[in-house]
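Overview (structure and organization)
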Amino acid sequence: MATIPESQHTTAAAIVRWYDSKPQEHRPHMGASLIGHACERSVWLTWRWAMTPEFSGRILRLFDTGKREEARILEELRGIGAQVWDVDPETGDQIRVSALNGHFSGSLDGIAKGLPEAPKSTAVLEFKTHSNKSFNDLVKKKVREGKPQHFDQMTVYMGLMDIDRALYIAVNKDTDDLYTEWVHLDTDRFAVLMARAERLVGMTEPPPRISDDAAYFVCKMCSFWKHCHNGLAAEANCRTCCHATPVENAAWQCAKHSKELTHADQLAGCNTHLMIPALVPYAEPVDGGENWVAYKHKANGIHFVNGPEGCADYGPVFSSKELHNCNGTLMADVIAVKNEIPGSKVASGTTNGPDHTTMWDDLATNPDDIPVKQDHPAKQEERKKIARTVKAMESFKK
Ligand code: SF4
Ligand code: SF4
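Since this is a predicted model, take the numbers as computed values, not measurements.

Regarding the site of ligand 1
Surveying the vicinity of ligand 1 reveals the residues Cys39, Arg41, Ser42, Leu45, Arg209, Ile210, Val218, Cys219, Cys222, Phe224, Trp225 and Cys228. Of all the elements in the fold, those that place two or more residues in the shell around ligand 1 are α2 (40-47), α7 (217-220) and α8 (225-229). At three residues, the largest contribution of residues to the shell around ligand 1 is made by α2.

Considering the sheet that holds strand β7 (residues 165-172)
Taken together, the five strands give an open sheet; going across it, the order is β2-β5-β6-β7-β8, and neighbouring strands pair in mixed fashion. Because the sheet does not close on itself, it has two edges, and the strands there are β2 (83-85) and β8 (178-184). Averaged over all pairs of adjacent strands, the angle between their axes in this sheet comes to 30 degrees, without regard to strand direction. Here strand β5 (residues 110-115) runs beside strand β6 (residues 118-130); their pairing, made up of five bridges, is antiparallel. What sits directly across from Lys113, in β6, is Thr122. Lying over the sheet, helix α3 (residues 57-79) contacts β2, β5, β6 and β7, oriented at roughly 155 degrees with respect to β6. The strands touched by helix α5 (residues 148-161) are β6, β7 and β8; relative to β6, the strand with the most contacts, the crossing angle is about 145 degrees.

Considerations on the environment of Pro116
Structurally, Pro116 is set in the loop between β5 and β6. On a C-alpha basis, the gap between Pro116 and Ile80 in space is 8.7 Å, while along the polypeptide they are 36 residues apart.

Points about the packing of helix α1 (residues 11-20) against α3
Viewed as axis vectors pointing N to C, α1 and α3 meet at an angle of 80 degrees, and their least axial separation amounts to 7 Å. Put simply, α1 runs roughly perpendicular to α3. The residues of α3 that touch α1, namely those facing Val16, Arg17, Tyr19 and Asp20, are Gly57, Arg58, Leu60 and Arg61. Class assignment for the residues of the contact of α1 with α3 results in three nonpolar, one polar and four charged.

With respect to the sheet that holds strand β3 (residues 96-99)
Strand pairing in a sheet relies on backbone hydrogen bonds. The paired strands run either parallel or antiparallel. Spatially, the three strands line up as an open sheet ordered β1-β4-β3, and their pairing is mixed. In the strand order of this sheet, the two ends are held by β1 (30-31) and β3, each with one partner. Pairing of β1 with strand β4 (residues 104-107) involves two bridges; the strand directions are parallel. Following the sheet pairing, Met30 is matched in β4 by Phe104.

Overview of the packing of α5 against helix α6 (residues 187-202)
Packing of α5 against α6 leaves a shortest axis separation of 9 Å and a crossing angle of 95 degrees. The pairing of α5 with α6 is recorded here as roughly perpendicular in orientation. Residue-level inspection shows Asp152, Thr155, Val156 and Gly159 of α5 in contact with α6, the latter providing Arg189, Phe190 and Leu193. Residues belonging to the contact of α5 with α6 are distributed by class as follows: three nonpolar, two polar and two charged.

Notes on the site of ligand 2
Around ligand 2, the surrounding shell consists of Cys238, Cys241, His243, Ala244, Cys254, Lys256, His257, Gly269, Cys270, Thr272 and His273. For the shell around ligand 2, the class distribution of residues is five nonpolar, five polar and one charged.

A word on the nonpolar core
The biggest cluster of nonpolar side chains holds 72 residues, and the ones touching the most others in it are Val124, Leu125, Met154, Tyr157, Ala166 and Met275. A per-element tally of this core places α5 first, with six residues. In this structure, this core is formed jointly by two domains, domain 1 (16-202) and domain 2 (276-369), each of which donates at least three residues. Each residue touching Ala166, except ones within four places of it in the same chain, is listed here: Ala123, Val124, Glu126, Met154, Tyr157, Met158 and Val183.

Cut-offs applied
- Residues numbered from 1 in each chain as written.
- Chains lettered and ligands numbered in written order.
- Predicted model: local features only at pLDDT ≥ 70, side-chain atom pairs only at ≥ 80, totals over all residues.
- Near = placed C-beta within 6 Å.
- Helix = DSSP H or I, 4+ residues; strand = E, 2+ residues; numbered from the N terminus.
- Pairing = 2+ DSSP bridges.
- Axes fitted to C-alpha atoms, helices over the stretch in contact; angles between N-to-C directions.
- Contact = placed C-beta atoms within 7 Å.
- Parallel < 35°, antiparallel > 145°, perpendicular 65-115°, else oblique.
- Nonpolar A, V, L, I, M, F, W, Y, C, P; charged D, E, K, R; others polar.
- Core = buried A, V, L, I, M, F, W, Y, C linked by C-beta atoms within 7 Å.
- Buried ≥ 20, exposed ≤ 12 C-beta atoms within 10 Å, placed from the backbone.
- Domains from an automatic or database assignment.

Printed below as a string of structure tokens:
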């Protein structure tokens, strides 16, 4: 029997939508919390801003719950008589560690002294909330085996702070049970993690995939699944551009325009963006110049070019934004359309003017924006019909 869809006009749904509407941002640095991730490629792609995170409103609320729990645990530790520092006394900000010219970094939940098991020792504090299943697994296996990424995160904090122990405090979200475990610095593991971070910061293209199987469990939960397993090129920003290099003081330098890039510059990119070829997962680079790269599609052998300059030998030109907006499986059709349009095999814009868009960037995504000739009644009627259908579908979704 068909079920009636649940109403989306509830307060609960409105709260989740409020979280949904919050902008999701790229982290400026490679995070210590991620360095122990099972897939190195995911660490690199996160740091190079290959895709903006797309967490659902429900998950964002869950993250917020974890943040709020931190304040409560700090208060509780002070309540039992421990000395706790959760901000850097010099800056008033969260205590941070960083290395590798500032490109590898992390924020501690706190540092404490006077804890019951080791009153004279100073310890790094790390707090995590868990589902019932995850909590029970942790209690059974302990942090190193049960939550290796958390173990690695604490190892980096301890190593960079030169503190030999950490207190891991876990909260069961279902029962509010607490689990605490002392973790001691493993200097060998610290060296492995720092070497991993250094290698990743130095890489100009992503490491290989952890699995070629799109159904592999790590990939299925990963934000980069669409990129690694579903033919989506990376987003166009400075971190995905061939011309950008990480330099000292956590800064990024553009070789094309010979300038240091602010955070805002990096997010915006510019009209001379040239995609790192390995970030176009469905094609292989076959030729290139300073401002263009020619590709051959791995599945169908068709050629196309990315970059502000074209190369008529290799088919239509795509800006990096166009590449990101067009899934690899659609390339053959899009190229066929491009080939019908004069000028698609030449440079798609100026190389130093304001950010330009090319024709594919200009394609309307809303029926009301579809340009139609006013003297074409059939088209006008078709446009109205599409608009009516979309409106009907939108009201159905509410
Ligand atoms: S989708 Fe898989 S291979 Fe790609 S980054 Fe994520 S975990 Fe790694
Ligand atoms: S060429 Fe443009 S997009 Fe590339 S790094 Fe320089 S400013 Fe950024």
